[in-house]
Structure formats: C-alpha cells, structure tokens
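# Survey of secondary and tertiary structure
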Amino acid sequence: MLPKIPTAWKSALADTVKQPWYAELAAFVDAERQAHEVYPPQEDLYSALRLTALDDVKVLILGQDPYHGPGQAHGLAFSVRPDVPIPASLRNIHKELQADLKLPKPRDGSLVPWARHGVLLLNAVLTVRAGEPNSHKDRGWERFTDAVIRAVSAKEERVVFVLWGAYAQKKAALVDTSRHAILAAAHPSPLAAKKGFFGSRPFSKANAALRDAGRSEVDWRLPSADD
C-alpha cells in the first residue's frame, strides 16, 4: 500500500485516492519494490506534501521524476540529501539562485528549507526504478500529481507556478491564471540551462509576484559553507 496522504492534504485529495486507478498504482509500486530497487524510499514518498501543507503553498516548482541514483531521491523535486553529491541540474539551480539574489553558495543539495517556507517541490511522477529514468511514467502518478496541482490552483491566494522545460510547461493548462502566476523557462539541466534558464531570475520574480498579491515573500536562503 502507498503511505497515507499527509493530514494537511487529505481533504483536497480524498476523492483522488478513492479512484480505482489509485489502487492500481499502489499495486504497481508494491510489485516494483518487491522486484527492484525503487526510489525514493517508501517513507519519503510524500515528503513534498508532508513538508509543505496546502494552506502554506506560495510557490510550486515542478519536476519530472525522481533522481534514479543511489541515495539521491528523498521525495522533493530537484533536492538531494545533504550527504549526497549535488546533481548537475541542481548545481545550475544554485548558480541561478546566487546570481539572482546575490546569495552565498549553498553547502549541500537539500532543498528542505524551501519546502518549509512554502515551496512545494513536486515531481510529476513520484517513484522510479533504480538506474532507469522515466521507468514509472504513465502508471498513474501523473493523475495523482495533476490532482495536487489542481488543488493548489483552487487556492484563493496567489501561488507562483515555476515550470522549467517543455514537460513541466504542459501543466500550465491546469492552472487558473486569473489568480495565479506562471514562470516558465528552460530546464536547468546542463543541456538546456544556457538556452533560457540562466538569467531567468525565477526567485526574485516569484517574490515580486507574491508581493504584488499581498503575500509574504519566500525566504530562498539555503545553508552555506559559512553558516
């Protein structure tokens, strides 16, 4: 069975988890865990929802599927545990963060501080087989995370949706743009970052959009080597 939905999201996702496809998804993930190494660990599957309550969401950053290397994925898009080498896409996110807000270089790859300050770090697919990117695509996770996106879009107060790359940008159709802001740019991966990610200033732009709507800004600071 999949873990229970975190309390702060239960009401918004109650109908979703009652659907037959959700039970089929759970059975698929269980079978995969029995036959293969699957990331993230079961206890981290809903970390994004656990660390960022629906009422607290200010920014949603959408990833595609979890990192597929040992020890990397821990339930937050683009984030890795503090003791894990920083992947290339995340290094580029750090570079843009430093350039945009003139912040010091983060000391590790954990984005947990963002999650605790209202940034929902959501992957469209929440599990992956070790060493096989996109191996759990089209098994039901997209339906689940689309429901999460719709729940965030239903919020009355403004949320900034940060959509990096063509895959994420397709989800713009789920967002009520009469209330919310969308920041679209190239993906931070090494192949795409120079084609429109660097210089996109998503962090300052997100805070400006929040300020314009009377919401408090996100504290984008991450622990640095000097802390």
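Quantities reported herein were computed from a predicted structural model and do not represent experimental measurements.

### Observations regarding the packing of helix H4 (residues 88–101) against helix H8 (residues 202–212)
Between H4 and H8, the shortest axis-to-axis distance is 7 Å and the interhelical angle comes to 60 degrees. If you check the angle between H4 and H8, you find them oblique. Across the interface between the two elements, Ile93, Glu96, Leu97, Asp100 and Leu101 from H4 touch Pro202, Phe203 and Ser204 from H8. Tallied by class, residues from the contact of H4 with H8 come to 5 nonpolar, 1 polar and 2 charged.

### Some remarks on the packing of helix H2 (residues 20–35) against helix H6 (residues 141–153)
One can describe the packing of H2 onto H6 by two numbers: an axis separation of 9 Å at closest approach and a directional angle of 125 degrees. Here H2 lies oblique to H6, going by the angle between them. When H2 is examined against H6, the residues Trp21, Tyr22, Leu25 and Val29 are found in contact with a partner set consisting of Trp141, Arg143 and Phe144. A breakdown of the residues in the contact of H2 with H6 according to their chemical character gives 6 nonpolar, no polar and 1 charged.

### Overview of the UniProt feature "active site" (unreviewed entry) in the protein chain
Following the UniProt record, one finds the feature "active site" (unreviewed entry) at Asp65. With respect to the secondary-structure elements, Asp65 resides in the loop between strand E2 (59–63) and H4. Classification of Asp65 as buried rests on a relative accessible area of 16%. Not counting residues up to four positions away in its chain, the partners in contact with Asp65 are Asn123, Val125, Val128, Pro133 and Asn134. A distance of 2.7 Å separates a polar atom in the side chain of Asp65 from the backbone nitrogen of Asn134.

### Focus on the nonpolar core
Nonpolar side chains tend to gather and get buried jointly when the protein is soluble and globular. Judged by nonpolar contacts, the single largest core of 70 residues is most densely connected at Trp9, Trp114, Phe144 and Trp220. Those residues within four positions of Trp220 in sequence are excluded, and the remaining contacts are Val59, Ile61, Leu97, Leu101, Leu103, Trp114, Val119, Phe203, Ala206 and Asn207.

### Remarks on unusual backbone geometry
Residues Tyr39 and Pro40 are joined by a peptide bond in cis, for which omega reads -5 degrees. Within the secondary structure, Pro40 is located in the loop between strand E1 (38–39) and helix H3 (47–51). Not every positive phi belongs to a glycine, and Phe78 is a case in point at roughly 70 degrees. Looking at the element boundaries, Phe78 is found in the loop between E2 and H4.

### Details of the layout of surface pockets
Within this model, the largest pocket holds a volume of roughly 330 Å³. Around the largest pocket sit 20 residues that line it, and Asp65, Pro66, Tyr67, Ser89 and His187 are the ones nearest its centre.

### Details of a positive patch on the surface
Among the surface-exposed residues, Arg91, Lys95, Lys105 and Lys194 lie close enough to one another that they form a single positively charged patch. In this fold, Arg91 is placed in helix H4. Arg91 gets classed as partly exposed once you look at its relative accessible area, which sits at 43%.

### Some remarks on the UniProt feature "domain: Uracil-DNA glycosylase-like" (unreviewed entry) in the protein chain
What UniProt calls "domain: Uracil-DNA glycosylase-like" (unreviewed entry) maps, in this numbering, to residues 50–210. What you have in residues 50–210 is 29% helix and 14% strand, and the ends, taken at the C-alpha atoms, are 23 Å apart.

### Considerations on the pattern of salt bridges
This model, assessed by the stated rule, comprises 10 salt bridges. Between Glu157 and Lys155 there is a salt bridge, with its nearest N and O atoms 2.9 Å apart. Relative accessible area serves as the criterion here: at 35%, Glu157 is assigned to the partly exposed category. Residue Lys155 is classed as buried on the basis of its relative accessible area, which comes to 7%. With a shortest N-O distance of 2.7 Å, Asp219 and Arg221 are connected by a salt bridge. Since its relative accessible area comes to 54%, Arg221 is described here as exposed.

Criteria and cut-off values
- Residues numbered from 1 in each chain as written.
- Predicted model: local features only at pLDDT ≥ 70, side-chain atom pairs only at ≥ 80, totals over all residues.
- Heavy atoms only, no water.
- Axes fitted to C-alpha atoms, helices over the stretch in contact; angles between N-to-C directions.
- Helix = DSSP H or I, 4+ residues; strand = E, 2+ residues; numbered from the N terminus.
- Parallel < 35°, antiparallel > 145°, perpendicular 65-115°, else oblique.
- Contact = heavy atoms within 4.5 Å.
- Nonpolar A, V, L, I, M, F, W, Y, C, P; charged D, E, K, R; others polar.
- UniProt positions renumbered as here; feature names shortened; annotations may be inferred.
- Buried < 20%, exposed > 50% of the residue type's maximum accessible area, 1.4 Å probe, protein only.
- Polar contact = N/O pair within 3.5 Å; in protein donor to acceptor, adjacent residues only side chain to side chain.
- Core = buried A, V, L, I, M, F, W, Y, C linked by side-chain atoms within 4.5 Å.
- 1 Å grid on protein atoms, 1.4 Å probe; cavity = no way out; pocket = protein on both sides within 12 Å on 5 of 7 lines; lining within 4 Å.
- Points joined across faces, edges and corners; volume = space filled by probe spheres on them.
- Patch = residues over 30% accessible without salt bridge, like charges linked within 9 Å, V, L, I, M, F, W, Y side chains within 5 Å.
- Areas by Shrake-Rupley, 256 points an atom, 1.4 Å probe, with all protein chains shown as cover.
- Salt bridge = Lys/Arg side-chain N within 4 Å of Asp/Glu carboxyl O.
- Lys, Arg positive; Asp, Glu negative; His and termini not counted.
- Charge placed at Lys NZ, Arg CZ, Asp CG, Glu CD.

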